[in-house]
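Residue-level structural notes
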Amino acid sequence: MSLITSLAAIFPNGWHQTLCMKITGFAIIKNAVVNDYPIVEAINSILPVVDEMIVLAGDSEDDTEQLIRNIQSDKIRIHHSVWDPAFKKGGEILAMETNKAFDLVSAESDWAFYIQGDEVVHEKYHTIIRQTAERYKDDKRVEGLLFNYLHFYGTYNYVGDSRRWYHKEVRIIRNDKSIRSYKDAQGFRRNGEKLKVKPVDAFVYHYGWVKTPRQMMQKHKNLRQYWTEETQRTVEINALEVFDFSEFDSLERFTGTHPQVMLPRIASQNLTTTLDISKKKFSFKERVLYWIEKKTGKRLFDFRNYKVI
């Protein structure tokens, strides 16, 4: 029996990955049931990519922790946290909790794969993600890996295609604890500087805006406490019962396939919102920039939360 055959028998999930590189996934979650987060799907979507999965469960008012415990995987490690209400301005608490979760990643890991509770990775990208992480594992200049994004809106049939939706973000970071979550946990910084990153030819599917109008409004009410103090605008929003999905600038119809882990959820939900995507609601400047991006694939004057090297 050859050495490769022997190693394959010992490590059926990939001897090369097991011996040469370790990726730890990490996520934070609180009140997943109340806010209808697809956290189970999010975790399951990256389990084949990671060697271990850390879930930092906040002090929920529902059965969030049991939801995580029901996932059948020995890779998952659940830890507990209490969210400090004193740090709610600008979503600061989300970055704090993300840093807590990242700090739980052991020193043996080369990379840490961050996934938010409404983000899912399609299985067709698993191989390329591991390959890209392996390619840059020993290149210490590379502090993170940059993913493309699809933002679903209203139902599973529409995606945002305007500049209001961020189209790239860092989701795998070097296991270097000088890297910290930034602002409301959208991205990361190292010693206050943008991360130097390489792109991954893979998409993250963001489902945070896919709910019924009533569920969407309730989610906004529940989460608003982590961004702002009590204001007149907050009072006005709290008086509303349903979210108006017609308030968008530009959408396009999604023609691809959803991740396998999402199919049961999609089949079980009766989302009937129909949106007129034929009209674009742009200012003149936005219309010009939108046209340039569609023609060239380049997003001009775009804020980048990273540095591509």
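The paragraphs below set out a description of the structure included in this document. Residue numbers here run from 1 along each chain, matching the order of that chain's written sequence. The predicted nature of this model means local features are confined to residues of pLDDT at least 70 and side-chain atom pairs, given and counted, to a pLDDT of 80 or more, with totals for whole chains, interfaces and linings taken over all residues. Side-chain descriptors were evaluated using all non-hydrogen atoms of the structure, hydrogens and water having been removed beforehand.

**Notes on the sheet that holds strand 9 (residues 179-182)**
In space, the three strands of this open sheet follow the order 9-10-11, with antiparallel pairing throughout. Edge positions in the sheet fall to strand 9 and strand 11 (193-194), since each has one partner strand and no second. DSSP-based pairing: two strands are paired if at least 2 bridges between them are found. Each helix is a run of H or I in the DSSP string that is no shorter than four residues. Each strand is a run of E no shorter than two, and both are numbered from the N terminus. Note: strand 10 (residues 187-190) against strand 11, two bridges, orientation antiparallel. Considered in strand 11, the bridge of arginine 189 is made with lysine 194. Whether two residues touch is decided by their heavy atoms; if any such pair falls within 4.5 Å, the residues are in contact. Here an angle of 0 to 180 degrees is reported between the N-to-C directions of two axes, which are lines fitted to C-alpha atoms, with helices fitted over the stretch in contact. Against the sheet, helix 5 (residues 92-103) makes contact with strand 9 and strand 10, and its axis sits at roughly 150° relative to strand 9, the strand it touches most.

**Some details on the pattern of salt bridges**
Salt bridges are counted wherever a side-chain nitrogen of Lys or Arg sits within 4 Å of a carboxyl oxygen of Asp or Glu. Tallied over the entire structure, the rule returns 19 salt bridges. Between aspartate 51 and arginine 130 there is a salt bridge whose closest N-O contact spans 3.4 Å. One end of the pair, aspartate 51, is in the loop between helix 3 (39-46) and strand 2 (52-57); the other, arginine 130, is in helix 6 (residues 126-135), with 79 residues separating them in the sequence. Exposure remark for arginine 130: the relative accessible area of 5% places this residue in the buried category. Three or more residues are tied together by salt bridges with common partners; here these are Asp36, Glu41, Lys211 and Arg265. Exposed residues in this analysis have more than 50% of their type's maximum accessible area, buried residues have under 20%, and partly exposed residues fall in between, with area computed by a 1.4 Å probe over protein chains only.

**Here's the deal with the nonpolar core**
Within the largest apolar cluster, 70 residues are counted, with the highest numbers of intra-cluster contacts made by Met53, Phe113 and Ile129. Setting aside its immediate chain neighbours within four residues, phenylalanine 113 contacts Ile23, Thr24, Gly25, Phe26, Ile46, Val49, Val50, Val121, Ile129, Phe147, Arg171 and Ile172. To define a nonpolar core, start from buried Ala, Val, Leu, Ile, Met, Phe, Trp, Tyr and Cys residues and group those joined through side-chain atoms within 4.5 Å. With eleven residues, the next largest nonpolar core counts Tyr153, Tyr158, Trp165 and Phe248 among its residues.

**Notes on unusual backbone geometry**
Notably, lysine 183 is not glycine yet its phi reads approximately 50°, a positive angle. Looking at the element boundaries, lysine 183 is found in the loop between strand 9 and strand 10. With relative accessibility at 57%, the residue lysine 183 sits in the exposed group. Located in the positive-phi region is asparagine 191, a residue other than glycine, with phi close to 50°. Note that asparagine 191 resides in the loop between strand 10 and strand 11.

Read these as layout, nothing more, since geometry by itself doesn't imply function.
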